[in-house]
Each structure stands twice: as C-alpha cells, then as structure tokens.
Amino acid sequence: MADVEKEVAQQSLQERTATSKDGTSSEELEFDYTEEEEAIVRRKIDWHTVPLVTLLYMLCFLDRINIGNARIQGLARDLDMVEGVKFNWALSIFYIIYLLVEVPSNILLKAIGARFYLPLLVCGFGLVSLCTAFVKDFAGLMVARAFLGIFEGGAMPGMAFFLSCFYKRNELLFRIGIYVSAASIAGAFGGLLAAALSQIPSWGAAGAEIHTWRNIFFFEGLITVIIGLLAPIWMPTDPSTAYFLNERERKIAAERLLREHRSDPARKVTWADVKAAVFCIHNYTCALAFFLINITVQGLSVFLPTILNDLGWTNTQAQLYSVPPYVCACVVAIAVAWLSDKSGQRGVWLGSFACLAVVGFAILRWVENTNVRYMAVFFVTIGAFPGGPGFLSWAMNNSAGPSVRAVTSAYVVTLGTIGGIVATWTYIFYDGPKYHTGHTINLVGQIVTACCALFGVLYCARENRVRAAGKRDHRLEGLTEEEAEELGSRHPRFRYWT
C-alpha cells in the first residue's frame, strides 16, 4: 500500500510538472526535501497546533458538561428540576441546535480561516457559560443551552478539519486523539474544579448572588473567554502561511500534503464535495459508530456524577470519584491513537476497545456490588473514549482532498451528534438509582459499534483488493487528468485505511 501511495505521489508531481505552462522552471516544480526536514517541520507544527487545540476543546467540553456537575450542587433544586425530565430537556436542546450548525459552521470555517473563526466560537460558548450563572428558572436555562449549542456546534468538526489541513493521513489520528482526549481531561478536571468552585462563599450584588453551582458556570466561562481572546496570537491559519515556519519550511509543509492528498488545499467547497462526503458508504459506517459512541461518551459526561452520587457517595465524593476513570480514559485514548497510526489500522483497535465497553456495561446492568460497579465505570470509559477520535479520523483518512474532508468531518460529527440527543434520555430520574434502561441501551450500542468496526475493515479491505485488480479503472475512461483528480477517494489508485 505504501508503494502504491508513493507511486501516486510521484505521478501527481510529474503531471503537475508536465502540464505547467506558466514559465516556472523545472527545478522549482520538482521541489524536493529530506525526511529529516519534514520531521522538523512536523514537530514545529505539533507544538503550534496540537496543544492549543487540545486546550480549546477541553474548555469546549468543560462548558458543555459542567451542567452535570452543577446538577448535584444545587442547580436541580434551585430551578425546580429535581423530579421529572426537565433536566433531560435542558440537555437535549443543546444537542438539537448543535447538530444543525455543524456543517454550515465548517463551510464558514473554510471560507474565513481557523485563526479567528475557532477562537470566536470559543469566546462565544465561554460567554454563554458565564451568563448561565445568572439564570433564574428553567426557561432561562433552556435559552442558555440553545445558545451554547450554536457556538459549540462548529468546535469539534472545525478543530478536526483544522488539524487535517496540517497532517498526512498516517499522522492524523494521533493528533486528533490527543485533542479529543481533552474530553476525558475535562471530565476529570471538571470534577475537581466543581468540587473546589462550589465551596466559594456566596458573593455578588443583591438579587444576583453567585454561589455553589453558579460559581461553576461563572468562573469556567470567564476562563474560557480569556483564553479564546488570546488564542489568535498562537494559532496559525494554514501550512503555507504559518508564521513559525521559514519560507522553505512553509513550502515543505504545503507540498507534503499536496503530494499525498492530490488536491489543492486552497480549493473552495463545492456541491460535488458535499455529495462525495454524503454518499460515501464508509462515512455512514463511521457516522453510525460515532452516533453510538456519543450515546455513551456524552451520556457519561453529564450523568456520571449523578450515577456515582446514587451509589451512596456524597456530592463532593461523587465529584472526586469521577476523576480517576477520566484520567485512565485520557491515557488509553492517546495510546490507542498512537498505536493505530503506527500500525496503519483503525478498525481492529476500535472494535477491540468497544468490546471492553460491552463488558463494563454488562457489569453495570447486572452486578449489584458498589465497588465492582465502580470498576465497570473504568471499563466503560477506557473502552468508549478512544472510539470518538478513532471513527472520525477513519472517515477523514478515507476522504481525499481538504474540501471533502471539511464536509466529511462536519457530516460525520453531525450524524454522530444525534447520539448526544439520545444520550440525554438514557438516564432519567424514574430509572434511578440502578439505571437499568440506560445501561442496557449503552450495552447494545457498544455491541453494534464493534460490528461497525468489523464491517468497516471488511469493506475497505475488499475495495482495496478490487482496485488493485483493476476493476475500478473504468472510472478513468474518457476523463481528463483534471477530471480524474476530482474523483478523490473514488480514484482507482486511492487506497482506503482499514
């Protein structure tokens, strides 16, 4: 597979050389560089993109899930949401708005540029989180959660697309794995932060006092806004204009992606790109798995403090006991991403860890012992959290060209986000404290996730064999070289990652 990709890259370079008519010298067109130079460029890109995106997504997820921490610190009592399904509706409205803005947001991102658009989103959801500290009733909370969805909807697919503009396919999952692991970092940090912030004495003006759960929203939102305002100072726009690279390094950063993806990174999104993403069978496989992963990840993110609280622990103990499972999930998610990139495999890793989550939910569903159930929480977080970045990266790996990847990342996350809506109804007040229904839904979901991973491996492997046998070469008949390049992932020489 590696030899085929090298051959394609060389052929693409030769085609660009042969068809150039602008007087550019052959030496300039045959721009070359060493592996050592590429490694230096990649390390510089790493330091200027991955830590920042990880921090921004951690803040994004923190502002999303802090409602779960606030719930057991008095929010449900103060806003009359202790019984019934009002809390579930407050969660659902966020995801409904969230999924509607994902694709349009990524198209705007492609047009405006990440350097200012992504920090704008960060400032937006930080400000909304801060304002949530002042809501007085359920209606106000619903409005705040809806606005939070508007700003957060473009964050995850936008950050994934942003990274895909800097990295090759075999480099992408490790980086996306690091930044998406910020979700588990936010879960761990959120529990610690909520335990501390809720202890701050009441303060503020008469009629607008800030206390307990209101402190959580106010200070976490304030921190987010400040970091969002500072983010453009560090964030680059694209490889060809990166401020931290010299002129030759910018050429290397842009050329290495052009050779692999065989597409102009500056090309605008067209309807053809949208159709290429929407009608890809593999994208549906990844989207279904991402949907099921989201039921688990998003559900645990907001309900884990409540689940632990119902095991018999106090509010503060439940906040603190939620930290270790998230820490373990973070470490494992990054390790799986690294191993997956190194092995060149996606489905095997994703399917294997989904099976671990299956074991965890089976224990939660049928075992009564509190300590054993807490152990199962580790199995669930470790098994499920690597799946989000894994399936998203798998879809993007198998989408050729940055314009198609921009749509793919948003499209897969959009369909996956529907899982977030389902997640808000998996754990309801009437099902506590054992939550048999919620655990059963997640158990079945993780079984199907493992099946999706298996199907993805078999489908991609079969398609690669068919193309290697020349049975897709008819797609090139009657096409010019430019039209053939527009085939993207349907090109007979394109090979899927399995």
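Definitions and cut-offs
- Residues numbered from 1 in each chain as written.
- Predicted model: local features only at pLDDT ≥ 70, side-chain atom pairs only at ≥ 80, totals over all residues.
- Heavy atoms only, no water.
- Helix = DSSP H or I, 4+ residues; strand = E, 2+ residues; numbered from the N terminus.
- Buried < 20%, exposed > 50% of the residue type's maximum accessible area, 1.4 Å probe, protein only.
- Contact = heavy atoms within 4.5 Å.
- Areas by Shrake-Rupley, 256 points an atom, 1.4 Å probe, with all protein chains shown as cover.
- Axes fitted to C-alpha atoms, helices over the stretch in contact; angles between N-to-C directions.
- Parallel < 35°, antiparallel > 145°, perpendicular 65-115°, else oblique.
- Nonpolar A, V, L, I, M, F, W, Y, C, P; charged D, E, K, R; others polar.
- Phe/Tyr/Trp six-rings, centres within 6.5 Å; stacked < 30°, edge-to-face > 60°.
- Lys NZ or Arg CZ within 6 Å of the ring centre and 35° of its normal.
- Salt bridge = Lys/Arg side-chain N within 4 Å of Asp/Glu carboxyl O.
- Core = buried A, V, L, I, M, F, W, Y, C linked by side-chain atoms within 4.5 Å.
- Left-handed = near helix turned anticlockwise from the far one by under 90°.
- Polar contact = N/O pair within 3.5 Å; in protein donor to acceptor, adjacent residues only side chain to side chain.
- pLDDT = per-residue confidence, 0-100.
- Expected span 1.5 Å × (residues − 1).

Draft legend 1. Examining the overall build of the protein more closely. A tally of helices and strands in the protein yields 21 helices and zero strands. Expressed as a percentage of its 498 residues, the buried residues of the protein come to 58%. Considering only contacts within the protein whose residues lie at least 6 apart along the sequence, 80% involve residues at least 24 apart. By element, 66% of the accessible surface of the protein is carried by carbon and sulfur atoms, the whole surface being about 20000 Å².

Draft legend 2. Spatial organisation of the packing of helix H4 (residues 86-112) against helix H5 (residues 114-132). Where H4 contacts H5, the axes come no closer than 8 Å and their chain directions differ by 140°. Between H4 and H5, the interaxial angle falls into the category oblique. The segment H4 lies against H5, with Ser105, Leu108, Leu109 and Ile112 engaging Ala114, Tyr117, Leu118 and Leu121. Of the residues belonging to the contact of H4 with H5, the class tally is seven nonpolar, one polar and no charged.

Draft legend 3. Up close: the packing of aromatic side chains. By the definition in use, this model includes 22 aromatic pairs. With 5.3 Å between their ring centres and 50° between their planes, Phe94 and Tyr98 make a pair best called tilted. Of this pair, Phe94 and Tyr98 both sit in helix H4, four residues apart, roughly one helical turn. Through a chain of ring-to-ring contacts, three or more aromatic side chains come together here, namely Phe87, Phe303, Tyr427 and Tyr435. Over the ring of Phe94 we find Arg145; its NZ or CZ atom is 5.0 Å from the centre of that ring.

Draft legend 4. Region of the structure containing the environment of Val332. Mapped onto the secondary structure, Val332 falls in helix H15 (residues 323-343). For the pair formed by Val332 and Phe353, sequence separation is 21 residues and the distance between their alpha carbons is 10.0 Å.

Draft legend 5. Region of the structure containing the pattern of salt bridges. According to the stated counting rule, one finds 13 salt bridges in the structure shown. Between Glu249 and Lys44 there is a salt bridge, and its shortest N-O distance comes to 2.9 Å. Taken together, the positions of Glu249 in helix H11 (residues 247-261) and Lys44 in helix H3 (residues 35-78) put the pair 205 residues apart, joining distant regions of the chain. Judged by its relative accessible area of 11%, Glu249 is buried.

Draft legend 6. Spotlight on the nonpolar core. Ranked by size, the top nonpolar core spans 129 residues in total, and within it Tyr57, Met156 and Tyr179 carry the most contacts. Considering every element that reaches this core, the biggest residue donor is H3, with 18 residues. When neighbours within four sequence positions are excluded, Tyr179 is seen to be in contact with Val53, Thr54, Tyr57, Met156, Met159, Ala160 and Leu163.

Draft legend 7. Local environment of the packing of H3 against H5. The geometry of H3 relative to H5 is characterised by a closest axis approach of 10 Å and an angle of 30° between their N-to-C directions. Looking at the two axes, H3 sits roughly parallel to H5. The two elements H3 and H5 meet at a crossing, and its hand is left-handed. Touching Leu56, Leu59, Cys60, Asp63 and Asn66 of H3 are Val122, Phe125, Gly126 and Ser129, all from H5. Here the contact of H3 with H5 is built from residues that sort into five nonpolar, three polar and one charged.

Draft legend 8. Structural view of helix H7 (residues 155-164). With respect to burial, H7 is a largely interior element, 10 of its 10 residues being buried. Within H7, burial applies to Ala155, Met156, Pro157, Gly158, Met159, Ala160, Phe161, Phe162, Leu163 and Ser164.

Draft legend 9. Fine view of the side chain of Thr424. Looking at where Thr424 falls in the secondary structure, it is placed in the loop between helix H19 (402-423) and helix H20 (436-468). By relative accessible area, which is 1% here, Thr424 ends up buried. At 2.5 Å, the side chain of Thr424 forms a polar contact with the backbone oxygen of Ile421. Dropping the residues within four chain positions of it, Thr424 is found in contact with Asn88, Leu91, Ser92, Tyr95 and Phe303.

Draft legend 10. Quick look at the side chain of Asp46. Note on placement: Asp46 falls in helix H3. In this structure the side chain of Asp46 is engaged in a polar contact, spanning 2.5 Å, whose partner is the side chain of Tyr167.

Draft legend 11. Focus on unusual backbone geometry. Positioned with a positive phi, Asp80 is a non-glycine residue whose angle comes to about 55°. Residue placement: Asp80 occurs in the loop between H3 and H4. Since its relative accessible area comes to 56%, Asp80 is described here as exposed.

Draft legend 12. Up close: the confidence of the model for the protein. Confidence along the protein averages 83 in pLDDT terms, with 90% of residues attaining 70 or more. Taken element by element, the protein is modelled with least confidence in helix H2 (residues 26-29), mean pLDDT 42, and with most confidence in helix H16 (residues 347-366), mean pLDDT 94. Counted against residues more than four places away or in other chains, residues 1-29, with its pLDDT under 50, gives 26 contacts.

Draft legend 13. Spatial organisation of helix H17 (residues 370-384). Its 15 residues place the ends of H17 21 Å apart at the C-alpha level, agreeing with the 21 Å of an ideal helix rising 1.5 Å per residue. Taken residue by residue, H17 has Arg373, Tyr374, Ala376, Val377, Phe378, Val380, Thr381, Ile382, Gly383 and Ala384 as its buried positions. Residues of H17 that are buried make contact with helix H13 (281-309), helix H14 (315-321), H15, H16, helix H18 (387-397) and H20. Looking at where H17 begins, the residue whose side-chain oxygen comes 3.0 Å from the main-chain nitrogen of Asn371 is Asn369.

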